[in-house]
Amino acid sequence: MENNKIEKSFIYSLDPRTKMLILLLMIFIGVMVMDPFCTLIIIFCVYLTYRANGFSNKQVWKTTKPLLFAFVLFFILNFPFATPLPDEEVYFKVLSIPVTMTGILTGLGNALRFMMFIWIADLITQVTPTGDIVLALNKAHVPPEASIAIGIAFSYIPVLKKEIGTIIEAQKSRGANFESKNVFKKIKAYIPVIVPGLFISIMRGRDIARAIEARGFTYDPVNRTYRNEIKLRGRDFAVIAFMLILFCIIAYLSITKGWFGTRFVYTLMTRS
Amino acid sequence: MGELIRFDHVSYTYPGADDPAVDDVSLSINEGEIVLITGPSGAGKTTLCSMLNRIVPESYGGDISGKIFIEGADISQYTIGQMAFISGLLFQDPSGQLTSATVGDEIAFGPENKGLPVDKINSLVDEYIGYVNMQKFIKRPPQALSGGQQQSIVYASVLAMEPEIYILDEPTSNLDPLGSDLVFRLMKKVATDKKKTAIIVEHKLEKIIDMVDRIIIMDKGKIAFNGTPKDVLSHYKELSQIGVEVPQIDQVINRINEEKGYKLPAPITLSEGVNELKSILPEKLPVDAMQAVGRTFKEPRKFDKPIIEVKDLHFYYNPEVEILHGINMDIYDGEFLSIVGQNGSGKTTIVKTFNGLHKPTGGSVIVKGVDTKNATVAKLSRSVGYCFQNPDHQIFSSVVRDELTYGPKNVGMPQEEIDKIVDEVAKMIGIEDILDENPYNLSKGQRQQIAVAAILTMQPDVIVVDEPTTGQDPRQSHQMMDMVKKLNTDYGKTIVVITHDMSIAAEYSDRIITMHNGTIIAQGTPREVFKEEEMLNSSNLEPPQVTRLLKRAGITDPVAIDVDEAMQLLSTMDLKKEA
């Protein structure tokens, strides 16, 4: 039911090229905006986009949950490397690394940006059917051999996931233990999963190659028809215009006025 | 109807192979004909079919000689791309043939490749999706559908290319009985409605024989028999030597012909068989003599010591969709048990609770006195070994011996003991000669043996074998089952086989459990279960053909579950002279 809502949503109905542009511009904006508070506002806007386009809180949480560990890791790994301002107050030291406001803001900013990138990428992929990706690639003059291969690869992700699940079960049934805390042991434990996984993927690849040949793919690939058409409509132009304007404003303020730096909002708050 | 396809002294050898896969074949197929090609694995059936759309030799290379003509034209001048729209090919595994993100796009893929206008493509999609009755799935990803549904979609995709010749290469070997019926019914419909030529490669003759005009039997690259079903099936002895199993009704009629010197024609359908049999049965059946013979029928062994106890077992992945609804059953030490049921009936789910891959969400599973809730899969794997259907899901070593030691090492067995067990198991399975080989260089049958051996080295008391005969020819199926049976009788292992092949279940099991929608609907000896035909039908299963033949001919007590038993019952009667 939930997926039905998503398929009827505004963002789903956009042209795949528009969606790709949104993704690209959001990545650029993410690169420019380093301030954690501003990033938080963008994340909130992404959340609203999720919710307005039929995603339930449960679905958003499913994407977010695995990110939390990486979020903490990003925060911890980033803040020691931030150069504090001259004479900046050192709150305390952890393993002789000074903890300063710049460090905290940098760590927080980077961790939040990481989360924002994943959210945006997740949102855009979830609202873009794989068939549309193939069509967008064709419009970009990617040869049909490559675009169809990419389309097939996307549709096979769930199939391969299932195969890997079966392999893990088969090896567990032979006493395999994948729960080791030691990273090297863990990698070694996965060899009995990776080897059959590769073997099965190669076999499947061969089957598919034979199947698409049997369905006439090599008949005349350049002049083949595409049943589904993609077309930029009014709503696409509106979204593109909005995104470009937003991007230009942020780029202008960031480059000429030096806004959205790591300490941008913090400085504003402490100044007053 | 004129000649459509002609093979003129065609031979083909794969690159690197010593012997030809197809050896001097000359053959003619007429327009509108439905031809069944069968024969043991490796007989050259698939190669022959793949030549018709030039995948062989174009994609494989190799040496080809002789000529193939379609509608009088030598096809060596065409590319695979051109041939695809003349000979449409449907393969075994539906999931390996899906190319698109939605069902609608899948069906459109072929017509799009031909560069047809969009309107025409859309009308083809509408026509053929209706043909396979899958309209409501048009926007769904085909990868998410069941095997039978996927094969229907791939079938519709081939149909939408509107080729002159349809080639179906073992289209049902990965499907359950319900899925197979679906595909065969569709084939029949296309053949009748569209008056196209169809070539089907298939091992399960029983389901398809009444739909075909001609049977071609291949063996070692050559054509061994070529004629109408009645002609070919009357050679049941020669066929069984080649490794082709004729339907049980034909085995019975052929054996009557042999023993009595009759000339009854080989029946094609069950009702034909029933009528032939009825025509020679005496007016009054010798009830007492039949009962006396019935008492000599092999009685399954009885066991009473439970090794696995399943009590009110419930299981779900998602609380809203329960898969197992309160299962109660015992598995006895030393028995050979078959669990039957259509796809989705819960067979695999239930056996996965035996070794802890699934933990019960309600009730309990006790293995050798241990509640599976309190034991790890690794610990349970020493009591219950689970052989998955496809050996390629577990084989990863470059040497067979290493593959066999993986399990015991995981559970911390000392090296000395492991070496001893590996040698013992290799002897048990008969793979001593290949212990130092690379499993990936061996045949699928050998890899399957290795997979079973790798489970045996864990020294489990119970061995679960998941669909061991899927996609195999009759001879390979029996080899595999004989090996499993030997583990049961000679080494005392308790065997649980999951299957939908009823004659296999009848032949090997002490007991059969029938599942339907996550519940057990019947359990008992094969004879007890096969008596309940209606109940089996409700789960889309049916008793072996010979059981149905005798029942419909009026011989209901005792129930015969294989051809030998049927012949013993018939031997008590004074059969009438054939009409």
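Residues numbered from 1 in each chain as written. Chains lettered and ligands numbered in written order. Predicted model: local features only at pLDDT ≥ 70, side-chain atom pairs only at ≥ 80, totals over all residues. Heavy atoms only, no water.

### Some points on the overall build of chain B
The number of helices and strands found in chain B is 24 helices and 20 strands. Taken against the 2.2 N^0.38 rule, which gives 25 Å for 579 residues, the C-alpha radius of gyration of chain B at 25 Å falls within 12% of a compact globule. By its C-alpha atoms, chain B is 70 × 60 × 50 Å across when sized along the principal axes. Across the 579 residues that make up chain B, the buried fraction comes to 58%. (Helix = DSSP H or I, 4+ residues; strand = E, 2+ residues; numbered from the N terminus. Rg over C-alpha atoms; globule rule 2.2 N^0.38 Å. Buried < 20%, exposed > 50% of the residue type's maximum accessible area, 1.4 Å probe, protein only.)

### Looking at the sheet that holds strand β4 (residues 63-70) of chain B
All names here are of chain B. Spatially, the four strands line up as an open sheet ordered β2-β1-β4-β5, and their pairing is antiparallel. At either margin of the open sheet sits one strand with a lone partner, and together these are β2 (22-30) and β5 (73-74). Sheet topology note: the β4/β5 ladder contains two bridges and is antiparallel. Looking at β5, one finds that Ile70 is bridged to Ala73. (Pairing = 2+ DSSP bridges.)

### What to know about the environment of A:Thr218
With respect to the helices, strands and loops of the structure, A:Thr218 is situated in the loop between α9 (183-214) and α10 (234-256). C-alpha separation for the pair A:Thr218 and A:Glu145, spaced 73 residues apart in sequence, amounts to 9.3 Å. Beyond its immediate chain neighbours, meaning those up to four positions away, A:Thr218 contacts A:Glu213, B:Ile80 and B:Gly81. One polar contact links the side chain of A:Thr218 to the main-chain amide nitrogen of B:Gly81, over a distance of 3.3 Å. (Contact = heavy atoms within 4.5 Å. Polar contact = N/O pair within 3.5 Å; in protein donor to acceptor, adjacent residues only side chain to side chain.)

### Examining the domain arrangement of chain B
Interfaces are often described in size by the accessible area the parts lose on coming together. Residues and elements named next belong to chain B. Domain annotation of chain B identifies domain 1 (3-242), domain 2 (247-298 + 546-579) and domain 3 (306-545). The C-alpha centroid of domain 2 is placed 36 Å from the C-alpha centroid of domain 1. Each side of the interface is counted separately: domain 1 has 10 residues, and domain 2 has 13 residues. Considering only the surface of domain 1 that becomes buried against domain 2, Lys230, Leu233 and Tyr236 emerge as the three largest contributors, covering 55% of it. Its salt-bridge partner being Glu272, residue Lys230 comes within 2.5 Å of it at the nearest N-O pair. Connecting domain 1 to domain 2 are four residue pairs in polar contact (both at pLDDT 80 or more). (Domains from an automatic or database assignment. Buried area = accessible area lost by both parts, 1.4 Å probe. Salt bridge = Lys/Arg side-chain N within 4 Å of Asp/Glu carboxyl O.)

### Overview of a nonpolar patch on the surface
On the surface, A:Tyr91, A:Phe92, A:Val94 and A:Leu95 cluster together into a nonpolar patch covering about 440 Å² of accessible area. Mapped onto the elements, A:Val94 comes out in strand β1 (residues 92-94). (Patch = residues over 30% accessible without salt bridge, like charges linked within 9 Å, V, L, I, M, F, W, Y side chains within 5 Å. Areas by Shrake-Rupley, 256 points an atom, 1.4 Å probe, with all protein chains shown as cover.)

### Considering the pattern of salt bridges
All names here are of chain B. Tallying each qualifying case throughout the model produces 37 salt bridges over all chains. The partner of Arg6 in a salt bridge is Asp8, and the shortest N-O contact between them spans 3.8 Å. The exposure class of Arg6 is partly exposed, given its relative accessible area of 30%. In this structure, Glu258 and Lys237 form a salt bridge, with 3.6 Å as the shortest nitrogen-oxygen distance. With Glu258 in helix α11 (residues 248-260) and Lys237 in helix α10 (residues 236-242), this residue pair connects regions lying 21 residues apart in the sequence.

### Things to note about the interface of chain A and chain B
Between chain A and chain B, the residue contacts involve 43 residues of the former and 64 residues of the latter. For the chain A and chain B pair, buried surface summed over both sides reaches about 4,500 Å², with 56% attributable to carbon and sulfur atoms. Across the contact surface, chain A and chain B share five salt bridges. With a shortest N-O distance of 2.8 Å, B:Asp105 and A:Arg227 are connected by a salt bridge. Scanning the region where chain A abuts chain B turns up 24 residue pairs in polar contact (both at pLDDT 80 or more). Elements supplying a minimum of two residues to the side of chain A that touches chain B: α7 (130-139), α8 (144-172) and α9 of chain A.

### Here we look at the packing of α8(A) against α9(A)
Residue and element names in this part refer to chain A. Put simply, α8 and α9 touch, their axes get as near as 10 Å, and they point 140 degrees apart. Considering their axes alone, α8 and α9 lie oblique with respect to each other. In the packing of α8 onto α9, the handedness of the crossing is right-handed. Only Tyr190, Pro192, Val193, Pro196, Gly197, Ile200, Ser201, Arg204, Ile208 and Ile212 of α9 make contact with α8, whose side of the interface consists of Ile152, Tyr156, Val159, Leu160, Glu163, Ile164, Ile167, Ile168 and Gln171. Residues of the contact of α8 with α9, tallied by class, amount to 14 nonpolar, three polar and two charged. (Axes fitted to C-alpha atoms, helices over the stretch in contact; angles between N-to-C directions. Parallel < 35°, antiparallel > 145°, perpendicular 65-115°, else oblique. Left-handed = near helix turned anticlockwise from the far one by under 90°. Nonpolar A, V, L, I, M, F, W, Y, C, P; charged D, E, K, R; others polar.)

### What about the domain arrangement of chain A?
If you check the domain split of chain A, you get domain 1 (2-128 + 233-271) and domain 2 (133-223). Once you take the C-alpha centre of each, domain 1 of chain A and domain 2 of chain A turn out to be 31 Å apart.

### Description of the sheet that holds strand β16 (residues 384-387) of chain B
All names here are of chain B. The strand order β16-β17-β18-β13-β19-β20 describes an open sheet built from six strands, whose pairing is mixed. The sheet terminates laterally at β16 and β20 (519-524), the two strands that pair on one side only. This sheet shows a mean twist of 20 degrees between the axes of neighbouring strands, independent of strand direction. The sheet contact formed by β16 and strand β17 (residues 462-466) spans four bridges and is parallel. Paired with Gly385 across the bridge in β17 is Ile463. Where helix α14 (residues 347-354) meets the sheet, it contacts β13 (336-340), β16, β17, β18 (494-499) and β19 (511-516), and its direction lies at approximately 155 degrees from that of β18. Lying on the sheet, helix α19 (residues 474-489) is in contact with β13, β17 and β18; it crosses β18 at an angle near 155 degrees.

### Considering the state of the cysteines
Defined simply, a disulfide is a covalent bond joining two cysteines at their sulfur atoms. All names here are of chain A. Enumeration according to the criterion identifies zero disulfides over all chains in this entry. Cys38 supplies the cysteine sulfur nearest to Cys45, a cysteine that is in no disulfide, at a spacing of 11 Å. Cys45 gets classed as partly exposed once you look at its relative accessible area, which sits at 42%. Free cysteine: Cys248, not disulfide-bonded; nearest cysteine sulfur from Cys45 at 18 Å. (Disulfide = S-S within 2.5 Å.)

### Things to note about unusual backbone geometry
Residue and element names in this part refer to chain B. Pro57 follows Val56 through a cis peptide bond whose omega is 10 degrees. Relative to the assigned elements, Pro57 resides in helix α2 (residues 55-58). Cis geometry is found at the peptide bond from Asp557 to Pro558, where omega equals 0 degrees. Within the fold, Pro558 resides in the loop between α23 (545-552) and α24 (563-571). Positive phi is not limited to glycine here, since Lys220 has a value of about 50 degrees. When you line up the elements, Lys220 lands in the loop between β9 (214-219) and β10 (222-227).

### Some words on the packing of aromatic side chains
Residue and element names in this part refer to chain B. Using the criterion set out here, one finds 19 aromatic pairs over all chains in the structure. With 4.9 Å between their ring centres and 80 degrees between their planes, Tyr12 and Tyr14 make a pair best called edge-to-face. Seen in terms of ring centroids, Phe336 and Tyr508 are 6.4 Å apart; in terms of plane orientation they differ by 25 degrees. Their pairing is stacked. Taken together, the residues Phe336 in strand β13 and Tyr508 in helix α20 (residues 502-508) connect sequence positions 172 residues apart. Of the two residues, Phe336 and Tyr508, both sit in the buried class. (Phe/Tyr/Trp six-rings, centres within 6.5 Å; stacked < 30°, edge-to-face > 60°.)

### Structural notes on the environment of B:Asn30
Residue and element names in this part refer to chain B. Tracing the backbone shows Asn30 in strand β2. Note on Asn30: relative accessible area 31%, which makes it partly exposed. Separated by 167 residues in the primary sequence, Asn30 and Thr197 place their C-alpha atoms 7.6 Å from one another.

### Side note on helix α3 (residues 36-52) of chain A
Residues and elements named next belong to chain A. Across its 17 residues, α3 extends 24 Å between first and last C-alpha, which sits within 8% of the 24 Å expected from 1.5 Å per residue. Taken as a whole, α3 has its buried residues at Pro36, Cys38, Thr39, Ile42, Ile43, Val46 and Tyr50. Buried positions in α3, seen along its axis, are confined to an arc of 155 degrees and lie on one side of it. Those residues of α3 that are exposed and angled more than 90 degrees off the buried face are Ile41 and Ala52. Contacts from the buried residues of α3 go to α2 (16-32), α4 (57-64), α6 (101-126) and α11 (264-271). Where α3 begins, the side chain of Asp35 points an oxygen toward the backbone nitrogen of Phe37, at a separation of 2.8 Å. Trailing α3 by a residue or two, Gly54 shows a phi angle of about 90 degrees, which is positive. (Expected span 1.5 Å × (residues − 1). Arc of directions from axis to C-beta.)

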